[in-house]
Amino acid sequence: MSPSTPAAEPPARPPAAVPPSPTEPTTSRPATDAVGPPTGSDTGPTATGPAAEGVASPIDAAAGAAVSSAEATGSTAGRSAGFGRTMAVGAATVLVLGLLGAPLGWIWAAVAPATPVVRSGDGAVYGLAQPEQPIAADGWFSLLGLAFGVLTALAVWFLLRRNRGPVGLVVAAVGALVAALVAWQVGRRVGLAGYQRLLDTAPEGTRFSKPADLRAGGIELFLGVLPLPYGNVLLPAFAAAVTYTLLAGWSRWPSLRPEPEPDVTWLTAPAPVPAGPAGDAGSAPAGPGEDAGSGPAGREDGVSSGPAAARPVPPAAPEPPAPGEAGPPRG
């Protein structure tokens, strides 16, 4: 054998079997797996079934139903908690307004004039033929009640912002009515004890004064059972309802609650203009079909619905030749 002749290669040996890794489990599959469906001895998961077809299993359906039930229960509990909180806030507001009726009654008793009376055998009679003091007392109560109703509506509107709407209107009206009833009962009792003492012990012909009381308002029994307020004790509730309704009508928010203002800076921001040939960022040559000073596509308002694109700069015109470089005319 010459050195230039290559030696004959030995016959190829079959590849040695690779021993299975100790970390991987060994499974034996029949030879038919390569050409047929898996047999019953195959314990691995198959590609067929509800999961492969996109159909939820009974366990998944039960879990989804449980989650939906929990969400519904949570939303119901949240609504119940919100309703309870609203009722609590409304009741507390009405209570506070009712307590404010006490100082209102003291003010009314202080500004309303007392009526002069004379002790007689049948009790007290007016000291004047046509006294004006009872009318003045009704007038002062009406004015103070109207002012209190307006202030009540303003306070409920600005302090209870989260409860604006029908709830705030009812709270303002009911609170003003309760305050008016409290003011009436407190004001008429200022000096009433001294008047009763003089009425019982004073001799006939004694002149004294009767405390202020309402003649054009109060409470009367409907069908002898249901107490109903009437007259000028309803004026504070009327003023509160009217003022609250006007505030709601003048509100600029549809929900009557303060809302964040929308960001409109992107509407007023100027679009970037590419620099012209001389480097001036504020001037750019007008494209075909556009007038100077107008927007894209010849629009006069300069507003385009599409993005601002860089405009092509036309090539500069060639400079004219010098006078001495011009050639003779041809022909």
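Presented here is a report on the structure given in the accompanying data block. These numbers come from a predicted model, not from an experiment.

### Considering the packing of helix 2 (residues 133-159) against helix 5 (residues 235-249)
Viewed as axis vectors pointing N to C, helix 2 and helix 5 meet at an angle of 40°, and their least axial separation amounts to 7 Å. Crossing handedness for the pair helix 2 and helix 5: right-handed. Note on element contacts: helix 5 touches helix 2 through Leu235, Pro236, Ala239, Ala240, Thr243, Tyr244, Leu247 and Ala248, opposite Ser142, Gly145, Leu146, Gly149, Val150, Ala153, Leu154, Val156 and Trp157. The residue makeup of the contact of helix 2 with helix 5, split by class, is 13 nonpolar, four polar and no charged.

### Comments concerning the pattern of salt bridges
Applying the stated criterion across every chain, the model contains one salt bridge. Close ionic contact of Arg188 with Asp213 constitutes a salt bridge, the shortest N to O distance being 3.5 Å. Residue Arg188 is found in helix 3 (residues 166-188), and its partner Asp213 is found in the loop between strand 3 (207-210) and strand 4 (217-222); the two are separated by 25 residues along the sequence. Exposure remark for Asp213: the relative accessible area of 23% places this residue in the partly exposed category.

### Things to note about the packing of helix 3 against helix 5
Viewed as axis vectors pointing N to C, helix 3 and helix 5 meet at an angle of 155°, and their least axial separation amounts to 7 Å. Considering the angle they form, helix 3 stands roughly antiparallel to helix 5. For the crossing formed where helix 3 meets helix 5, the hand is right-handed. Contact residues: Gly168, Leu169, Ala172, Ala173, Ala176, Leu177 and Ala180 in helix 3; Pro236, Ala237, Ala240, Ala241, Tyr244 and Thr245 in helix 5. Considered class by class, the residues forming the contact of helix 3 with helix 5 number eleven nonpolar, two polar and no charged.

### Focus: the sheet that holds strand 2 (residues 123-126)
Overall, antiparallel pairing links the three strands, which are arranged 2-1-3 in an open sheet. Two strands in the sheet have a free side with no partner beyond their single neighbour: strand 2 and strand 3. On average, adjacent strands in this sheet sit at an angle of 50° to one another, irrespective of strand direction. Across the face of the sheet, helix 4 (residues 192-201) comes into contact with strand 1 (115-120), strand 2 and strand 3 while running at roughly 145° to strand 3.

### A look at the packing of aromatic side chains
Following the criterion strictly, the structure yields three aromatic pairs and no others. With a centroid separation of 5.3 Å and 75° between ring planes, the pair formed by Trp157 and Tyr244 is classed as edge-to-face. One end of the pair, Trp157, is in helix 2; the other, Tyr244, is in helix 5, and 87 residues separate them in sequence. Exposure class is identical for Trp157 and Tyr244. Each is buried.

### Focus: a nonpolar patch on the surface
On the surface, a nonpolar cluster with roughly 910 Å² of combined accessible area is contributed by Ile107, Val111, Trp140, Leu143, Leu146, Phe238, Val242, Leu246 and Trp250. Relative to the elements of secondary structure, Leu143 occurs in helix 2.

### Brief notes about the side chain of Asp138
By the element assignment, Asp138 lies in helix 2. Buried and without a salt bridge, Asp138 has Arg215 as its closest oppositely charged side chain, separated by 5.4 Å. Each residue touching Asp138, except ones within four places of it in the same chain, is listed here: Asp213, Leu214, Arg215, Ala216 and Asn232.

### Here we look at the pairing of strand 5 (residues 226-231)
The pairing of strand 4 with strand 5 spans six bridges and is antiparallel. The partner of Ile219 across the bridge, within strand 5, is Pro229. Where strand 4 folds back on strand 5, the antiparallel hairpin that results is connected by three residues, among which Leu223 adopts a positive phi of roughly 60°.

### Remarks on helix 5
The terminal C-alpha atoms of helix 5 lie 21 Å apart, and with 15 residues this matches the ideal 21 Å at 1.5 Å per residue to within 8%. Within helix 5, burial applies to Pro236, Ala237, Ala239, Ala240, Thr243, Tyr244 and Leu247. The buried residues of helix 5 occupy an angular sector of 160° when the element is viewed end-on, so they sit on one face. Structural note: helix 5 exposes Phe238 and Gly249 on the side pointing more than 90 degrees away from its buried face. Among the structural elements, helix 2 and helix 3 are those in contact with the buried residues of helix 5.

Basis of the calculations
- Residues numbered from 1 in each chain as written.
- Predicted model: local features only at pLDDT ≥ 70, side-chain atom pairs only at ≥ 80, totals over all residues.
- Heavy atoms only, no water.
- Axes fitted to C-alpha atoms, helices over the stretch in contact; angles between N-to-C directions.
- Helix = DSSP H or I, 4+ residues; strand = E, 2+ residues; numbered from the N terminus.
- Left-handed = near helix turned anticlockwise from the far one by under 90°.
- Contact = heavy atoms within 4.5 Å.
- Nonpolar A, V, L, I, M, F, W, Y, C, P; charged D, E, K, R; others polar.
- Salt bridge = Lys/Arg side-chain N within 4 Å of Asp/Glu carboxyl O.
- Buried < 20%, exposed > 50% of the residue type's maximum accessible area, 1.4 Å probe, protein only.
- Parallel < 35°, antiparallel > 145°, perpendicular 65-115°, else oblique.
- Pairing = 2+ DSSP bridges.
- Phe/Tyr/Trp six-rings, centres within 6.5 Å; stacked < 30°, edge-to-face > 60°.
- Patch = residues over 30% accessible without salt bridge, like charges linked within 9 Å, V, L, I, M, F, W, Y side chains within 5 Å.
- Areas by Shrake-Rupley, 256 points an atom, 1.4 Å probe, with all protein chains shown as cover.
- Lys, Arg positive; Asp, Glu negative; His and termini not counted.
- Expected span 1.5 Å × (residues − 1).
- Arc of directions from axis to C-beta.

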